[in-house]
Amino acid sequence: MKKEKKVEQVELLKGVFGTATATVVTNYEGLKASEMAALRRCFHDVGVNYRVVKNNLARLALKDSAIEGLSEHLVQTIAIATTDDDQTGPAKALAKFYKDNPKIDERLQIVCGTLDNEILNPDQVKRLSDMPGKPELRAQLLGLFNNVPGGFVRLLNAVPGGMVNVLDARRREMEGEAA
């Protein structure tokens, strides 16, 4: 690779690492081309960027960044999944890929990850995949917003409804006395 191309790649990676809120580093050694294509598609479906990187270029891009500690994990043949949107996206996509391809575990390993500039070990990345993502959290929040006013309206309806029941009971009592 020519020097200009390397400089261009380092600048591109600096931008990617600078905006990424979550990353997952994988060792993909031993994957077939078809499996790699399926993995890329899995990441692409959830809006996660997955790219194979040269370790030295990635280390240069990480130098003086908030996640510089990630560079010590860049060994062997690695690819990095990054997102600047849903922080659970890379971990969830990888978990889905593992579920769909159960025998891939030996050939595709999670090296590490980052979440808000903190380095995560492989177990933490796997636990991150179990957390609700942005869409699920939004749905839960909207559900809460809907339940509070609904409960308040039911409470307001209960007062007049109770009053009507008391008046109806009194009416029946008075009709019983008159008869």
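Residues numbered from 1 in each chain as written. Predicted model: local features only at pLDDT ≥ 70, side-chain atom pairs only at ≥ 80, totals over all residues. Heavy atoms only, no water.

Draft legend 1. Local environment of the nonpolar core. Counting 21 residues, the largest nonpolar core has Leu39, Phe43, Tyr50, Leu94 and Leu108 as the members making the most contacts within it. Of all elements in the fold, only α2 (33–45), β3 (78–83), α4 (89–100) and α5 (122–128) reach the threshold of two or more residues within this core. Sorting elements by how many residues they give to this core places α4 first, with five residues. Setting aside chain neighbours within four positions, we find Phe43 in contact with Val48, Tyr50, Ala81, Pro90, Ala93 and Leu94. Formed by 15 residues, the second largest nonpolar core is a distinct cluster that contains Leu13, Val25, Ile80 and Cys112. (Core = buried A, V, L, I, M, F, W, Y, C linked by side-chain atoms within 4.5 Å. Buried < 20%, exposed > 50% of the residue type's maximum accessible area, 1.4 Å probe, protein only. Helix = DSSP H or I, 4+ residues; strand = E, 2+ residues; numbered from the N terminus. Contact = heavy atoms within 4.5 Å.)

Draft legend 2. Structural detail: the packing of aromatic side chains. Scanning all chains against the criterion turns up one aromatic pair. Centre to centre, the rings of Phe43 and Tyr50 are 4.6 Å apart; their planes meet at 20 degrees, and the pair counts as stacked. Like Phe43, the residue Tyr50 is buried in the burial classification. (Phe/Tyr/Trp six-rings, centres within 6.5 Å; stacked < 30°, edge-to-face > 60°.)

Draft legend 3. Just the side chain of Ser71, in detail. Considering the arrangement of structural elements, one finds Ser71 in the loop between α3 (55–62) and β3. Given the relative accessible area of 18%, Ser71 is considered buried. There is a polar contact of 2.8 Å between the side chain of Ser71 and the backbone oxygen of Glu68. When neighbours within four sequence positions are excluded, Ser71 is seen to be in contact with Arg59 and Leu62. (Polar contact = N/O pair within 3.5 Å; in protein donor to acceptor, adjacent residues only side chain to side chain.)

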